[in-house]
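Now for the letters of each chain:
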Protein chains: 2
Amino acid sequence: MAKFLGRHLIAELYDCDEEILNNVTEIEYQMTKAAIECGATIVTSTFHRFLPHGVSGAIIISESHLAIHTWPEYKYASLDIYTCGDSVDPWVAFNYLKDAFKSGRQEVIENKRGMFETIGVPNDSLHKVEVK
Amino acid sequence: MAKFLGRHLIAELYDCDEEILNNVTEIEYQMTKAAIECGATIVTSTFHRFLPHGVSGAIIISESHLAIHTWPEYKYASLDIYTCGDSVDPWVAFNYLKDAFKSGRQEVIENKRGMFETIGVPNDSLHKVEVK
């Protein structure tokens, strides 16, 4: 089986709750909760509310990142959930967030990042090389 | 022509300089410079160096975000450059960074985010609705 370093969900969330999408505190809370739900370890994060509307933010996790941009005026959010390693399932975070933002429709692409064969490392390499 | 809110470059940088990929100060500097080069407005950013190696970071720009994760041990970096609006060209940032990290090979997908037709808004809508 082809091996890779990470799984990156590129998600489009339509028909969301526009009040939630404009609430930076709520979005940061829900994104943080989604990261924890899927088993990720949060390293650092940053969120910002734009004027007149819209929120952007990113959470760096040990296993890569989650990022969001919202357009409350269109009830739309673009969401990236990128995780590395076998212990974290990005789909758990996705399913959590689509419900949290009350999204009526979604589109998701799962993109594999860092294919071992293309990088040129053996298939039994680790997603992080351990130093003993 | 189909309209959309943003352009998202999903880039794989291979055969990079491993010392640069392990230097959090250098990576934050080059990512910041790339954002400025492509005409973006930086809002906030966060970068982190992992032990024993590797750097992760994200820059929130008014026009969306840039994010990077590096595996110096594999000379590999995964890079996301996501910009909205017509005034910023994500390819300028990509070309700047592939040179900055001395990448010998790259793969890039350009993914359109927030297709107007799928969101369900008229084709002449703005990437941000102006409030007068």
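The structure displayed is predicted, hence computed values, not measured ones. (Residues numbered from 1 in each chain as written. Chains lettered and ligands numbered in written order. Predicted model: local features only at pLDDT ≥ 70, side-chain atom pairs only at ≥ 80, totals over all residues. Heavy atoms only, no water.)

Trainee: What am I meant to see in the packing of helix 2 (residues 24-37) of chain A against helix 3 (residues 90-100) of chain A here?
Mentor: Think of two packed helices as two axes; the pair is described by the angle between the axes and how far apart they sit. All names here are of chain A. The contact between helix 2 and helix 3 brings their axes to 8 Å, and the two run at 150°. Comparing their axes, helix 3 and helix 2 come out roughly antiparallel. The handedness of the crossing between helix 2 and helix 3 is right-handed. Of helix 3, the residues touching helix 2 (which contributes Gln30, Met31, Lys33, Ala34 and Glu37) are Val92, Ala93, Tyr96, Leu97 and Ala100. Residues of the contact of helix 2 with helix 3, tallied by class, amount to 7 nonpolar, 1 polar and 2 charged. (Axes fitted to C-alpha atoms, helices over the stretch in contact; angles between N-to-C directions. Helix = DSSP H or I, 4+ residues; strand = E, 2+ residues; numbered from the N terminus. Parallel < 35°, antiparallel > 145°, perpendicular 65-115°, else oblique. Left-handed = near helix turned anticlockwise from the far one by under 90°. Contact = heavy atoms within 4.5 Å. Nonpolar A, V, L, I, M, F, W, Y, C, P; charged D, E, K, R; others polar.)

Trainee: Would you explain the pattern of salt bridges in this entry?
Mentor: It is possible for side chains of opposite charge to pair when their charged atoms get near one another. Applying the stated rule across the entire model yields 16 salt bridges over all chains. Across the pair Glu110 of chain A and Arg7 of chain A runs a salt bridge whose closest N-O atoms are separated by 3.8 Å. Here Glu110 of chain A is found in strand 6 (residues 105-115), whereas its partner Arg7 of chain A is found in strand 1 (residues 4-14), with 103 residues between them in sequence. According to the relative accessible area criterion, Glu110 of chain A is partly exposed, its value standing at 27%. Of the charged contacts in the structure, one is a salt bridge between Arg7 of chain B and Asp89 of chain B, with a shortest N-O distance of 3.7 Å. Of this pair, Arg7 of chain B sits in strand 1 (residues 4-14) while Asp89 of chain B sits in the loop between strand 5 (76-84) and helix 3 (90-100), and the two are 82 residues apart along the sequence. Classification of Arg7 of chain B by relative accessible area gives partly exposed; the value is 22%. Salt bridges sharing partners connect three or more residues here, namely Arg7, Asp89, Glu110 and Lys112 of chain A. (Salt bridge = Lys/Arg side-chain N within 4 Å of Asp/Glu carboxyl O. Buried < 20%, exposed > 50% of the residue type's maximum accessible area, 1.4 Å probe, protein only.)

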